[in-house]
Amino acid sequence: GPKVLQIPSHQIIDMGQMVTLNCDPVSNHLYFYWYKQILGQQMEFLVNFYNGKVMEKSKLFKDQFSVERPDGSYFTLKIQPTALEDSAVYFCASSPTGGHSYEQYFGPGTRLTVL
Amino acid sequence: GDSVIQMQGQVTLSENDFLFINCTYSTTGYPTLFWYVQYSGEGPQLLLQVTTANNKGSSRGFEATYDKGTTSFHLQKTSVQEIDSAVYYCAMRLNYAQGLTFGLGTRVSVFP
């Protein structure tokens, strides 16, 4: 089936540094999402992006977070500066439209460790 | 606030056993309910979507039902196989939102 790719699979950085997580969504999809899962906790919605804009974000989407998809390339999540509580697995997802009957396809996740 | 509660953290079964996982939800909105499955090393993938109360959805031998009266939804399979070993998530999406609200997940381990 359709695949969402995430690069890298693991990232270790020092607190205060900047990190960019990359997502290669399904090729004809238009809606993109980031979710965060801290070890042992629920996967939680961060942000939804469409047509170059953030459509919806949760309270977990701090000011230090930003998303973009320049020129149809990777959909990225940037954290600047990082904090210890940003350590988690970040899942990217995409869907063909934003309608409720449309499936969100998830990538395998990027495990981020902030030291 | 909106929430999904999935109490069973881990279920261990033998092949051909019956699997039943239950979730409850709380919202003032109108939800669409899902079951996602996550195999080792992969992201969650949609297993079933249940949009109509008291109706069943089915896929790959799994069945899902949704009881609006008790705000609960269930996933079941009559006879599990070792390949069904995975983490199963219930999730909810509201009519006014894009993001999914997930349960904690149930790790199902099936032994031959």
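Figured I'd write up the structure that's included with this text. (Residues numbered from 1 in each chain as written. Chains lettered and ligands numbered in written order. Predicted model: local features only at pLDDT ≥ 70, side-chain atom pairs only at ≥ 80, totals over all residues. Heavy atoms only, no water.)

### What about the sheet that holds strand β8 (residues 75-79) of chain A?
Two orientations exist for strands paired in a sheet by backbone hydrogen bonds: parallel and antiparallel.
Residue and element names in this part refer to chain A.
No. 1: With respect to topology, four strands assemble into an open sheet ordered β1-β3-β8-β7, the strand pairing being antiparallel. Here the strands that pair on one side only, and so sit at the sheet edges, are β1 (5-7) and β7 (65-68). The average undirected angle you get between the axes of adjacent strands in this sheet is 20 degrees.
No. 2: Looking at chain direction, β7 and β8 are connected through four bridges and run antiparallel. Bridging across to β8, S66 finds its partner in K78. (Pairing = 2+ DSSP bridges. Helix = DSSP H or I, 4+ residues; strand = E, 2+ residues; numbered from the N terminus. Axes fitted to C-alpha atoms, helices over the stretch in contact; angles between N-to-C directions.)

### Observations regarding the interface of chain B and chain A
No. 1: Facing 22 residues of chain B, the contacting portion of chain A comprises 22 residues.
No. 2: Of the roughly 1700 Å² buried where chain B meets chain A, counting both sides, 48% is carbon and sulfur surface.
No. 3: In this structure, the connection of chain B to chain A is made through zero salt bridges.
No. 4: On inspection of chain B and its partner chain A, the count reaches six residue pairs in polar contact (both at pLDDT 80 or more).
No. 5: The set of elements that each furnish at least two residues to the side of chain B that touches chain A consists of β4 (31-38), β5 (45-50) and β9 (86-94) of chain B.
No. 6: In terms of residue count, β4 of chain B provides more of the side of chain B that touches chain A than any other element does, four residues in total.
No. 7: Its residues assigned to classes, the side of chain B that touches chain A comprises eleven nonpolar, nine polar and two charged. (Contact = heavy atoms within 4.5 Å. Buried area = accessible area lost by both parts, 1.4 Å probe. Salt bridge = Lys/Arg side-chain N within 4 Å of Asp/Glu carboxyl O. Polar contact = N/O pair within 3.5 Å; in protein donor to acceptor, adjacent residues only side chain to side chain. Nonpolar A, V, L, I, M, F, W, Y, C, P; charged D, E, K, R; others polar.)

### Comments concerning the state of the cysteines
Put plainly, two cysteines are in a disulfide when a covalent bond ties their sulfur atoms together.
No. 1: Applying the stated criterion across every chain, the model contains two disulfides over all chains.
No. 2: The side chain of C23 of chain A participates in a disulfide bridge whose partner is C92 of chain A; the two sulfur atoms lie 1.8 Å from each other. Between C23 of chain A and C92 of chain A, the S-S torsion sits near -65 degrees, and that sign places the bridge as left-handed. Remark: C92 of chain A occurs in strand β9 (residues 88-95) and C23 of chain A occurs in strand β3 (residues 19-24); sequence separation between them is 69 residues.
No. 3: According to the relative accessible area criterion, C23 of chain A is buried, its value standing at 0%.
No. 4: Between C23 of chain B and C90 of chain B runs a disulfide, and the two sulfur atoms are separated by 1.8 Å. Residues C23 of chain B and C90 of chain B are joined through a disulfide that is left-handed, its torsion about the S-S bond being -80 degrees. Residue C23 of chain B is found in strand β3 (residues 19-26), and its partner C90 of chain B is found in strand β9; the two are separated by 67 residues along the sequence.
No. 5: A relative accessible area of 0% means that C23 of chain B is categorised as buried. (Disulfide = S-S within 2.5 Å. Buried < 20%, exposed > 50% of the residue type's maximum accessible area, 1.4 Å probe, protein only.)

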